[in-house]
Amino acid sequence: MSNVKSKGTALITGASSGIGAGYAQRLARRGHNLILVARDVARLNELAGRLRAAHGVAVLVLPADLTVEAGLAIVEQRLENDPSIRLLVNNAGVAAFGDLSAMQPEVIGTLIQLNVLAAARLAAAAARAFAPRGEGAIINLSSVLALVTERFNPVYNASKAFVLSLTQSMQRELGPHGVYVQAVLPGATRTEIWSRAGADISTLPPEMVMGVDELVDAALAGFDRHEAVTIPSLPEAADFAAYEQARAALGPNLSRDHAAARYAVELAA
Ligand SMILES: NC(=O)c1ccc[n+]([C@@H]2O[C@H](COP(=O)([O-])OP(=O)(O)OC[C@H]3O[C@@H](n4cnc5c(N)ncnc54)[C@H](OP(=O)(O)O)[C@@H]3O)[C@@H](O)[C@H]2O)c1
């Protein structure tokens, strides 16, 4: 893009509504030029016009359906070939509600294509572009449901656990190359994702539901501190640190040459 400011360009997927539109507004206010990706061109154009007028940044609309190969490839190529891009907000996603057994195959497929396949391919494209330059950042939108198996939809929760695991592995790979990768784990946030999936967010207790602006501001505060994992709702950061310490403590014993004593099988005489 021609109007490159010192902050560089941020490419935001799922920018036409909700959290992605919130990032677009906040990042424009911070002086980033933007590339906005989603399917709804009219909404993207309307947002782009508002942000150009309010913040004087360059905003390009890049329409793409990330569940189809052609759309995904367009965004991958943009990430790899536009050196002005220094930030990927890997945000587009869909939700699902109900039991696994009640999900139609195409609903499972679309969710995995967007939340898992597109998220991983775009993260990989950004990694290919940023690592050789020794700079850049990737924000991956996971969810607190990455940590929850007790309720909500199994495929959605697993897709968000994938994003968390992907992010933590990317931190290991890309940190030494100067690329910062953040996982953001929102709790329930007041966006269209609920109604799009046929759910009613008003059935949740209001004290469990955050607004988009507060969520994005908190996530960007975590970004500014280079947090690895940002959970805006969680009052005590030490609680997640303890969870991570417990996970790390398993490490030395997860792959051994013999089964644990409790699984020892008595050999027949
Ligand atoms: N809201 C919550 O409670 C919550 C909680 C935790 C995590 N999250 C995560 O936050 C992210 C943003 O969700 P949101 O709550 O802001 O939902 P949202 O308002 O429904 O926004 C979803 C965005 O993704 C885009 N999108 C959907 N299908 C797409 C496709 N096939 N190709 C390209 N773009 C597509 C939508 O735009 P178009 O329809 O124009 O394509 C829209 O811009 C998601 O990854 C979600 O899992 C949300």
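Residues numbered from 1 in each chain as written. Predicted model: local features only at pLDDT ≥ 70, side-chain atom pairs only at ≥ 80, totals over all residues. Heavy atoms only, no water.

Enquirer: What's the story with the overall build of the chain in this structure? I'm lost.
Expert: Within the chain one finds eight helices and seven strands. Its C-alpha radius of gyration of 20 Å places the chain within 12% of the 18 Å reference for a compact globule of 269 residues. Long-range contacts, defined as pairs at least 24 residues apart, comprise 70% of the intrachain contacts of the chain with a sequence gap of at least 6. As displayed, the chain offers around 13700 Å² of accessible surface, 55% of which is attributable to carbon and sulfur atoms. (Helix = DSSP H or I, 4+ residues; strand = E, 2+ residues; numbered from the N terminus. Rg over C-alpha atoms; globule rule 2.2 N^0.38 Å. Contact = heavy atoms within 4.5 Å. Areas by Shrake-Rupley, 256 points an atom, 1.4 Å probe, with all protein chains shown as cover.)

Enquirer: Help me out: how do you make sense of empty space enclosed by the protein in this one?
Expert: Any empty space left between the atoms is revealed when a probe the size of a water molecule rolls over them. Here the structure, examined in full by the defined rule, presents one cavity of 30 Å³ or more. Here the largest cavity is characterised by a volume of approximately 50 Å³. Around the largest cavity sit Asn90, Asn91, Ala92, Gly93, Leu114, Asn115, Ala119, Asn140, Leu141, Lys160 and Val163, which together line it. Residue composition of the lining of the largest cavity, by class: five nonpolar, five polar and one charged. (1 Å grid on protein atoms, 1.4 Å probe; cavity = no way out; pocket = protein on both sides within 12 Å on 5 of 7 lines; lining within 4 Å. Points joined across faces, edges and corners; volume = space filled by probe spheres on them. Nonpolar A, V, L, I, M, F, W, Y, C, P; charged D, E, K, R; others polar.)

Enquirer: What's the story with the site of the ligand in this structure? I'm lost.
Expert: Taken together, 30 residues sit near the ligand, with Ile19, Arg39, Asn91, Tyr156 and Thr191 positioned nearest. At 2.8 Å from an oxygen atom of the ligand is found a side-chain nitrogen or oxygen belonging to Ser16. A distance of 2.9 Å separates an oxygen atom of the ligand from a polar backbone atom of Asp40. For the ligand, whose free accessible area comes to 880 Å², the fraction covered by protein is 97%. For the shell around the ligand, the elements supplying multiple residues, two or more each, are α1 (18-29), α5 (154-174) and α6 (193-196). (Near = heavy atom within 4 Å. Polar contact = N/O pair within 3.5 Å; in protein donor to acceptor, adjacent residues only side chain to side chain.)

Enquirer: Just checking my understanding: could you explain the layout of surface pockets for this structure?
Expert: The computed volume of the second largest pocket comes to approximately 370 Å³. Glu227, Val229, Thr230, Ile231 and Ala237 are, among the 20 residues lining the second largest pocket, the residues nearest its centre. Elements supplying a minimum of two residues to the lining of the second largest pocket: α5, α7 (212-224), β7 (229-230) and α8 (237-250). Looking at the lining of the second largest pocket element by element, the count peaks at five residues for α8. The residue inventory of the lining of the second largest pocket, partitioned by class, reads 11 nonpolar, four polar and five charged.

Enquirer: It is not clear to me how the side chain of Thr191 should be interpreted in this structure. Could you clarify?
Expert: Relative to the elements of secondary structure, Thr191 occurs in the loop between β6 (180-184) and α6. Exposure remark for Thr191: the relative accessible area of 18% places this residue in the buried category. Side-chain polar atoms of Thr191 contact the backbone nitrogen of Ile193, separated by 3.2 Å. Excluding anything up to four places from it in sequence, Thr191 contacts Gly18, Ile19 and Val212. (Buried < 20%, exposed > 50% of the residue type's maximum accessible area, 1.4 Å probe, protein only.)

Enquirer: What exactly am I supposed to notice about unusual backbone geometry here?
Expert: Trans peptide bonds make up the majority, and among non-glycine residues the majority have a negative phi. The backbone of Phe152 shows a phi angle near 70°, a positive value even though the residue is not glycine. Tracing the chain through its elements places Phe152 in the loop between β5 (137-141) and α5. On the accessibility criterion, Phe152 (31% relative accessible area) is partly exposed. Backbone geometry at His226 places phi at a positive 55°, although glycine is not the residue there. Using a relative accessible area of 53% as the deciding quantity, one classes His226 as exposed.

Enquirer: Looking at this model, I keep getting lost on helix α2 (residues 41-55). Mind explaining?
Expert: Spanning 15 residues, α2 covers 21 Å between terminal C-alpha atoms, matching the ideal 21 Å at 1.5 Å per step. Among the residues of α2, those classed as buried are Leu44, Leu47, Ala48 and Leu51. Each buried residue of α2 sits inside an arc of 105° when the element is viewed along its axis, so together they form one side. Opposite the buried face of α2, at more than 90 degrees from it, the exposed residues are Ala42 and Ala53. Buried-residue contacts for α2 involve α1, β2 (33-38) and β3 (59-63). The N-terminus of α2 is capped by Asp40, whose side-chain oxygen sits 3.3 Å from the backbone nitrogen of Ala42. One or two residues past the end of α2 sits Gly56, with phi positive at roughly 65°. (Expected span 1.5 Å × (residues − 1). Arc of directions from axis to C-beta.)

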